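Here are the chains, one letter per residue:
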Amino acid sequence: MSNKIKLGDLFSGLQNQMVAQLNTNREFILHPGSKGDSLENVWIEWLRKYLPNRYCVDKAIVVDNTGSLSHQLDLVIYDQQYTPFVFTQNGIHYIPAEGVYAVFEVKPDLQGKVGEDNFFEYAGKKIESVRSLKRTSVKIINAGVEVPARPLTKIVGGILTSTNSFTHSNNNTIEGHLKNLKNLQTIEMGCAVDYGSFYVNYDGVEDISSKDFDKRINDYYLSRKFESITFSDKENSLVTFFLQLTRYLQQSIGTVAAIDLNAYAKTIGFEIDQKI
């Protein structure tokens, strides 16, 4: 018996399972609202299954300590270790802005419009509604040692679909839409299951000398420029998307900053004791 296995075959099996599930939903759920909800749920359950347990995945609205809200989001990847509360009202999750790692818009197709916005513009506006919220950062105790407040992390933005119906110069069309997104609306990555995944490189760095963490992260998004885009083969769309997403989460972002609970407590007129 061989003591090796072809990892490519395992990845291919994973890809085929997801494609089959998405195709079933697209073909047999006819009501547009139900179909949209079903597609979102498939992506959510898939990421819940394969991402490490430290990451939570849900449909949600993001809220900050001023009470400002994001748009309603199809898929949010967030932390619950350093952001220990998530509000749920009438089945809707409200996640503190400090806990967000990534947000994705889910559509059946890369081609399409919502009102006057194409799907890329629509996704960009939802991503912007999260990145523009106010986030806090405070010191923590790690292994008995006080660790200073850390800079705010980047928030990955993306779009997830089952297919791509652009018929001419597909890659160029997608690239053009992504180039048109500016500032807080920019997208890092996406996946069209039967076409391929993609990720975008941007030219720009944070001003690490700045101690105003909120301004620092916003200036980064406002100043970075589109550099290049890389596409995967369609046969590996989900695997390449998953590996790239995991790389962003674990090696580019790491852990989100610890939330300032006092900033939220003050909204109900309460002051948290800072001593023990």
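Look above for the structure.
Predicted model only: the values in this text are computed from it and were never measured.

A. How the structure looks around a nonpolar patch on the surface. A contiguous nonpolar patch, built from Ile 5, Leu 7, Leu 10, Phe 11 and Leu 243 and spanning about 490 Å² of accessible area, is present on the exposed surface. Along the chain, Leu 10 turns up in helix H1 (residues 7-28). A relative accessible area of 48% means that Leu 10 is categorised as partly exposed.

B. How the structure looks around the layout of surface pockets. Roughly 480 Å³ of internal volume is contained in the largest pocket. Forming the boundary of the largest pocket are 16 residues, of which Val 138, Lys 139, Ile 140, Ile 259 and Gln 274 lie nearest the centre. Of all the secondary-structure elements, those providing two or more residues to the lining of the largest pocket are strand S8 (140-142) and helix H7 (261-265). Of the residues that constitute the lining of the largest pocket, the class distribution is nine nonpolar, three polar and four charged. Estimated volume of the second largest pocket: approximately 250 Å³. Along its surface, the second largest pocket is lined by 14 residues, and Lys 154, Glu 188, Tyr 220, Arg 224 and Tyr 248 are the ones closest to its centre. Contributions of two or more residues to the lining of the second largest pocket are made by strand S12 (196-203), helix H5 (213-223) and helix H6 (237-253).

C. Fine view of the environment of Arg 224. Its place among the elements puts Arg 224 in the loop between H5 and strand S13 (225-231). Assessed through its relative accessible area of 6%, Arg 224 is described here as buried. Sequence separation between Arg 224 and Lys 179 is 45 residues, and the spatial gap between their C-alpha atoms is 12 Å. Contact partners of Arg 224, with chain neighbours within four places excluded, come to Arg 131, Thr 186, Glu 188, Tyr 202, Asp 203 and Gly 204. Looking at Arg 224, its side chain comes within polar contact range of the side chain of Glu 188, at 2.5 Å.

D. Just the pattern of salt bridges, in detail. Under the counting rule described, the total for this entry stands at 14 salt bridges. Across the pair Arg 224 and Glu 188 runs a salt bridge, and its minimum N-O distance is 2.5 Å. Here Glu 188 lies in the loop between helix H4 (170-180) and strand S11 (189-192) and Arg 224 lies in the loop between H5 and S13, a separation of 36 residues in the sequence. The class of Glu 188 is buried, set by a relative accessible area of 8%. Among the charged side chains, a salt-bridge network with shared partners connects Asp 74, Glu 105, Lys 107 and Lys 126.

E. Here's a closer look at helix H3 (residues 119-131). Taking 1.5 Å per residue as the helical rise, H3 with its 13 residues ought to reach 18 Å, and the 18 Å between its terminal C-alpha atoms agrees with that figure. Within H3 the residues assigned to the buried category are Phe 119, Phe 120, Ala 123, Gly 124, Lys 126, Ile 127, Ser 129, Val 130 and Arg 131. Measuring from the backbone nitrogen of Phe 120 back to the side-chain oxygen at the start of H3 gives 2.9 Å, which picks out Asn 118 as the cap.

F. Structural view of empty space enclosed by the protein. This structure, assessed with the given rule, holds one cavity of 30 Å³ or more. As a volume, the largest cavity reaches approximately 40 Å³. Taken together, Leu 73, Asp 74, Val 103, Phe 104, Glu 105, Ala 123, Lys 126, Ile 127 and Gly 158 make up the lining of the largest cavity. Of all the secondary-structure elements, those providing two or more residues to the lining of the largest cavity are strand S2 (73-79), strand S5 (100-106) and H3.

G. Quick peek at the pairing of strand S10 (residues 156-161). The buried count for S10 comes to six of six residues, which makes it a mostly enclosed element. Burial of the side chains of S10 extends over both faces: Val 156, Gly 158 and Leu 160 are buried on one face and Gly 157, Ile 159 and Thr 161 on the other. Alignment of S5 against S10, held across five bridges, turns out to be parallel. Bridging from a neighbouring strand, Val 106 pairs with Leu 160 of S10. Relative to S11, S10 runs parallel, the two being bridged by four bridges. Within S11, the position partnered with Leu 160 by the bridge is Cys 191.

Definitions and cut-offs
- Residues numbered from 1 in each chain as written.
- Predicted model: local features only at pLDDT ≥ 70, side-chain atom pairs only at ≥ 80, totals over all residues.
- Heavy atoms only, no water.
- Patch = residues over 30% accessible without salt bridge, like charges linked within 9 Å, V, L, I, M, F, W, Y side chains within 5 Å.
- Areas by Shrake-Rupley, 256 points an atom, 1.4 Å probe, with all protein chains shown as cover.
- Salt bridge = Lys/Arg side-chain N within 4 Å of Asp/Glu carboxyl O.
- Helix = DSSP H or I, 4+ residues; strand = E, 2+ residues; numbered from the N terminus.
- Buried < 20%, exposed > 50% of the residue type's maximum accessible area, 1.4 Å probe, protein only.
- 1 Å grid on protein atoms, 1.4 Å probe; cavity = no way out; pocket = protein on both sides within 12 Å on 5 of 7 lines; lining within 4 Å.
- Points joined across faces, edges and corners; volume = space filled by probe spheres on them.
- Nonpolar A, V, L, I, M, F, W, Y, C, P; charged D, E, K, R; others polar.
- Contact = heavy atoms within 4.5 Å.
- Polar contact = N/O pair within 3.5 Å; in protein donor to acceptor, adjacent residues only side chain to side chain.
- Expected span 1.5 Å × (residues − 1).
- Pairing = 2+ DSSP bridges.

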